[in-house]
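Listed below are the residues making up each chain.
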Amino acid sequence: MNTSYDVKFWEIRRNASSKTPSYVTRWKVGPKEKSKTFRTKALAENFVSDLRQAAKRGEAFDLTTGLPESMSESADIGPTFFDFARSYMAARWVHSAARTRETMTYALLSLVPALVKELPGRPEDEDLRAVLREYAFLPDKRRGELRAGTQGGARLAGSGVLAPRRPDGTGGDPLGP
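1. Points about the packing of helix α2 (residues 81-93) against helix α3 (residues 98-115)
Then, in step 1: Packing of α2 against α3 brings their axes to within 11 Å, and their N-to-C directions diverge by 180°. Between α2 and α3, the angle is such that the two are roughly antiparallel. Residues Phe81, Ala85, Tyr88, Met89, Arg92 and Trp93 of α2 form the contact with α3, whose own contacting residues are Arg101, Met104, Thr105, Leu108, Leu111, Val112 and Leu115.
Then, in step 2: Its residues assigned to classes, the contact of α2 with α3 shows ten nonpolar, one polar and two charged.

2. So, the pattern of salt bridges
Then, in step 1: With the rule as written, the count across this model stands at four salt bridges.
Then, in step 2: Between Arg26 and Glu33 there is a salt bridge, and its shortest N-O distance comes to 3.8 Å.
Then, in step 3: Overall, Arg26 belongs to the partly exposed group, its relative accessible area being 23%.
Then, in step 4: Its salt-bridge partner being Arg129, residue Glu126 comes within 3.0 Å of it at the nearest N-O pair.

3. Focus: the side chain of Thr105
Then, in step 1: Mapping Thr105 onto the fold places it in helix α3.
Then, in step 2: Thr105 gets classed as buried once you look at its relative accessible area, which sits at 8%.
Then, in step 3: With near-sequence residues (within four places) excluded, Thr105 lies in contact with Met89, Arg133 and Phe137.

4. With respect to the packing of α3 against helix α4 (residues 125-136)
Then, in step 1: At a minimum axis separation of 10 Å, α3 and α4 run at an interaxial angle of 140°. Taken together, the axis directions place α3 and α4 in an arrangement best described as oblique. In this structure, α3 meets α4 at a crossing whose hand is right-handed. Every residue of α4 that contacts α3 at Thr105, Tyr106, Leu109, Val112 and Pro113 is listed here: Asp125, Leu128, Arg129, Leu132 and Arg133.
Then, in step 2: Here the contact of α3 with α4 is built from residues that sort into six nonpolar, one polar and three charged.

5. What about helix α1 (residues 41-56)?
Then, in step 1: Between its first and last C-alpha atoms α1 spans 22 Å; for 16 residues at 1.5 Å apiece the expected length is 22 Å, and the two agree.
Then, in step 2: Along α1, the residues classified as buried are Ala44, Phe47, Val48, Leu51 and Ala54. Buried positions in α1, seen along its axis, are confined to an arc of 120° and lie on one side of it.
Then, in step 3: Buried-residue contacts for α1 involve β2 (7-9), β4 (23-29), β5 (32-38) and β6 (61-62).

6. Details of the packing of aromatic side chains
Then, in step 1: Counted under the stated rule, the structure contains three aromatic pairs.
Then, in step 2: Residues Phe38 and Phe47 carry aromatic rings whose centres are separated by 5.2 Å and whose planes lie at 45° to one another, so their mutual orientation is tilted.
Then, in step 3: With centroids separated by 5.8 Å and ring planes inclined at 35°, the aromatic side chains of Phe84 and Tyr88 adopt a geometry described as tilted. With Phe84 and Tyr88 both in helix α2 and four residues apart, the pair spans about one turn of that helix.
Then, in step 4: Of the residues examined, Phe84 reaches a relative accessible area of 42% and is grouped as partly exposed.
Then, in step 5: Members of the aromatic cluster, each reached through a chain of ring pairs, are Trp27, Phe38 and Phe47.
Then, in step 6: A cation over an aromatic ring shows up here: Arg26 above the ring of Trp10, its NZ or CZ 4.6 Å from the ring centre.
Then, in step 7: Against the face of Trp93 rests Arg101, its NZ or CZ located 4.7 Å from the ring centre.

Conventions adopted
Residues numbered from 1 in each chain as written. Predicted model: local features only at pLDDT ≥ 70, side-chain atom pairs only at ≥ 80, totals over all residues. Heavy atoms only, no water. Axes fitted to C-alpha atoms, helices over the stretch in contact; angles between N-to-C directions. Helix = DSSP H or I, 4+ residues; strand = E, 2+ residues; numbered from the N terminus. Parallel < 35°, antiparallel > 145°, perpendicular 65-115°, else oblique. Contact = heavy atoms within 4.5 Å. Nonpolar A, V, L, I, M, F, W, Y, C, P; charged D, E, K, R; others polar. Salt bridge = Lys/Arg side-chain N within 4 Å of Asp/Glu carboxyl O. Buried < 20%, exposed > 50% of the residue type's maximum accessible area, 1.4 Å probe, protein only. Left-handed = near helix turned anticlockwise from the far one by under 90°. Expected span 1.5 Å × (residues − 1). Arc of directions from axis to C-beta. Phe/Tyr/Trp six-rings, centres within 6.5 Å; stacked < 30°, edge-to-face > 60°. Lys NZ or Arg CZ within 6 Å of the ring centre and 35° of its normal.

Right, dumping it as structure tokens:
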């Protein structure tokens, strides 16, 4: 989790663009500006107060969500995209024709590059797709060992890519928004 202690708060503003009164709280964590809209000014003030108290206690703020560690939601919200994709393929593998399996695999593989974060050492899209197609998305009975010769397979095995994040940025290591 990328965190920062550099937090700045702005004053609460009334949202002039909405028909009903609403209030926008704005704050900055590192280089990223964050905002949240509330129905009443009291709710907005309470939220900013919680943020300020966390900053005063010296808590680290997450750069992705903009929230302190004490206010971050639990990482156990549901399955990751990777877990979903593997269970989806396993459930449909037995009852699908070969061409249908191939089509489902390619559909899931088209989503993966969009969910993998741009981190140092990130594998190339083609390497990632090859390992997922030839190893990860296969049912357990058909899956062999992940070999170094599988277009970057050894590098991918140790990189944590096979434990992807959810699209909302929570969960495993390198996959995320």
